[in-house]
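Each chain, written out:
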Amino acid sequence: MRCILVAVWRASYGSFIRDASRHESVSFGNDPFDSLTIPDGTTVEEYDLVTEGNVMIGGQSTVEFGVRAQNILAGERVQFGGSIEAERDCRLDVWCEVAENVLVGKDAYLGERVHIGGQLLVAGDLDIGDDVTVEEGFEANGWIVIRNPVSSLVFYFIILSHLLQVNESEAASEFAQEIAAEAEGDDDDDDDDVMMIVIPRGATVSDDIWQVSTPASIGDDCRLHGNVRAASITVGRNTNLFGSLRAREDINIDQRTRIHGDVTTRDGAVSISAGAQIRGDVVCGDLELHDDAEVYGTIRASGKVNIVHSPAIDEWSYPWRTETYLPASRLPVSMLSIALAGKPNAGKSTFYQAATMADVDVGNYPFTTIDPNQGVTHARTRCPCLDRQSRCGNCTDGIRYVPVELLDVAGLVPGAHEGRGLGNQFLDALTDADAILAVVDAAGATDAEGEPVEVGTYNPVEEANFVEEELEQWLAGIIDRNWETVVRQSRAPEFNIDEAVTELLTGFGASEHTVATALRSLSYPDDPQQWSTDDQMALAVDIRERTKPIVLVANKADIAPAENIDQLQHISKSVIPTTADGERALRRAADADLIEYNPGDAEISITGDISSTQQEGLETIQDLMKDTDGTGVQAAINTVTYDLLEMITVYPVENETRWTDGSNDMLPDAVLLEKGSTPLDLAYAVHSDIGDGYLHAVDAREERRIGEDHELSEGDVIKIVSTA
């Protein structure tokens, strides 16, 4: 009997064990599921967990995603919330449940009482246990064997557990390697560089949380959603995690990684490497922080704090920064981020190109943009040097341009919140932004799907609320799918709904203060289990309004029927008539010395020799500029920055008399701060060391000392006195 079982197990598990034995994170000297392991390049795409390698999932785990990988192995009673797509083999042990389809490129092995909510399609052989349920039918191109075997995974652990119990860890390793060696000849698709996702037994994995009781290791170049909860956490380079990190022990974050939430450890230390961004608070014992890392929130370290001053990595290698000319002003620690969103072909990429002068694909067809473009544009304001006898040299004739990040997100179609047209992926990209410019085709030259139609045949008012409605429904769906987590937490005596909802919404950019304010403004049942879908939608709408405010950009205003512009301007929100194509033309003409024009000017002056066609085009743009006080591109950016988000521009200096830095450069930096900010906020915005060593500040205009709680104003020039 044992020989038969070993033969069956070798046939189905050889490639998994061979691949695992090559992976440094999987050791046969103890439990092979002793760590959550996410390899390099793993992503979450439209509710699917995607890797180029293999996936091993310990028993009694819940994975609310679908899974796409080479080989997929699941222990007993694993639940999947989506489809399984295995390019090679798939093994589901007893009592596994899959909500949707199972697609297998080679062989499939299903234990007893496996339940599949969709179809089962197998390109190779199918080995199936008793009482397997497939709701929508199955198809297998190879042999079909129906049997009632002992669970292969159980048998695997029986052997290894016995060897480990008698302190034969070396024998256990040799046993696994022997099986892998015998299976070598059966697998002609072997890859020495295989990667593997390992999810420990009893884990919960969703777009809200990755919760395990073991250590967690996340590789390089990953893009994941959800709050990670583990014994300890290590995150590799260039990874983007839309959630928070919480561990009992140490947390290590490598270079150029972004964490969109808090980093908290109960008893351990936190290490944050060069170029990393923490868009939340850091709470820990000891802290090692590179001086080129960025922490947007509060740092609370109960132990030692070590600031590492080793040479920084090349700042232009950061994946979220684009090499764009910034006039004598360094990138601020916390750059404001604005996203462009709307249906395909509304002119978002043209707006992005005009605002950043970056080269991007621009085309008259849907989905010209797939991956978000990330660049730097500028808010325009008055430079303080106009109040002195000479110009600072860091502005343009008294016009100061302050850097702002601009994201160009791919086009959304109706039903995007349900995943239509890669909508989930595109909506997720908006979570990075502080505000959104919703771009509509004011000319009515594209239909609801973004397909070209005759000018004036589609009413743009119909899509005035399109972006916010899709975003709110998408967020409501996330809340609904993960609400059971809040319900479970509510059974604990120390339950705090503010903390529970904040943890759920961290990846959307909602702070605990924002969540608390939103909850206080809503009426809802005290018991989370009694919340209705209407309660969840009300929460989603309120959070969206507070974290992702929207300005409507009525693009293509130069060719739009007048009644379209008039109707758009009478809706109950801020609307900016815009010609992104005209702005791009003016900037190119200015670069060619054909005209005098600064972004945001209300008029232009022709200075070079131009053709009659160019003259006609410029006159058309000028006519619109007279009616709208410019092309609208700069006005849209300024409206978001200074009106919607209520930012102010403050200028830190070292010499309060000359308004210069240590190199005698006048007004070298311009920093955007929230209205109501203080000198201490400015100090931390310049550098955390300066904030930690803050002593006092001087108003350079008045040449007088000001208090720590003094409220700063637009255009203030401030000297910070610090021990740093």
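Parameters at a glance
- Residues numbered from 1 in each chain as written.
- Predicted model: local features only at pLDDT ≥ 70, side-chain atom pairs only at ≥ 80, totals over all residues.
- Heavy atoms only, no water.
- Helix = DSSP H or I, 4+ residues; strand = E, 2+ residues; numbered from the N terminus.
- Buried < 20%, exposed > 50% of the residue type's maximum accessible area, 1.4 Å probe, protein only.
- Contact = heavy atoms within 4.5 Å.
- Areas by Shrake-Rupley, 256 points an atom, 1.4 Å probe, with all protein chains shown as cover.
- Axes fitted to C-alpha atoms, helices over the stretch in contact; angles between N-to-C directions.
- Parallel < 35°, antiparallel > 145°, perpendicular 65-115°, else oblique.
- Left-handed = near helix turned anticlockwise from the far one by under 90°.
- Nonpolar A, V, L, I, M, F, W, Y, C, P; charged D, E, K, R; others polar.
- Pairing = 2+ DSSP bridges.

Peer 1: For this particular structure, what's the right way to read the overall build of the protein?
Peer 2: Across its full length, the protein carries 15 helices and 51 strands. A buried classification covers 55% of the 724 residues belonging to the protein. Taking as baseline every contact in the protein between residues at least 6 positions apart, the subset at least 24 positions apart corresponds to 49%. With the model as given, the accessible surface of the protein reaches about 30500 Å², and the carbon-plus-sulfur share is 43%.

Peer 1: What should I look at first to understand the packing of helix 8 (residues 512-520) against helix 9 (residues 533-547) in this one?
Peer 2: Helix-helix packing is characterised by the crossing angle of the two axes and by the distance between the axes. At their nearest, the axes of helix 8 and helix 9 sit 10 Å apart, and the two run at 130° to each other. Here helix 9 runs oblique to helix 8, going by the angle between their axes. At the point where helix 8 passes helix 9, the crossing takes the right-handed sense. Of helix 9, the residues touching helix 8 (which contributes T514, V515, T517, A518 and L519) are L539, D542, I543, R546 and T547. By residue class, the composition of the contact of helix 8 with helix 9 is five nonpolar, three polar and two charged.

Peer 1: Explanation requested: the sheet that holds strand 21 (residues 204-205) in the structure shown.
Peer 2: Either a parallel or an antiparallel arrangement is found when strands of a sheet pair, and the pairing is made through backbone hydrogen bonds. Overall, mixed pairing links the 12 strands, which are arranged 17-14-11-8-5-21-22-25-28-31-34-37 in an open sheet. If you trace the sheet from one side to the other, it starts and ends with strand 17 (133-134) and strand 37 (299-301), each paired once. Two elements, strand 5 (residues 62-63) and strand 8 (residues 79-80), share two bridges in a ladder whose sense is parallel. By the bridge assignment, T62 is partnered in strand 8 with Q79.

Peer 1: What exactly am I supposed to notice about the sheet that holds strand 51 (residues 717-722) here?
Peer 2: Across the sheet, five strands lie side by side as 48-47-51-49-50; this open sheet has mixed pairing. A single partner strand is all that each edge strand has here, and the edge strands are strand 48 (671-674) and strand 50 (704-706). For this sheet the average axis-to-axis angle between neighbouring strands, irrespective of direction, equals 45°. Where strand 47 (residues 647-653) lies against strand 51, three bridges are found, and the strand directions are parallel. Looking at the pairing, P652 lines up with I718 of strand 51. Contacts between helix 14 (residues 679-686) and the sheet are confined to strand 47, strand 48, strand 49 (694-699), strand 50 and strand 51, with strand 48 contributing the most and set at about 135° to the helix.

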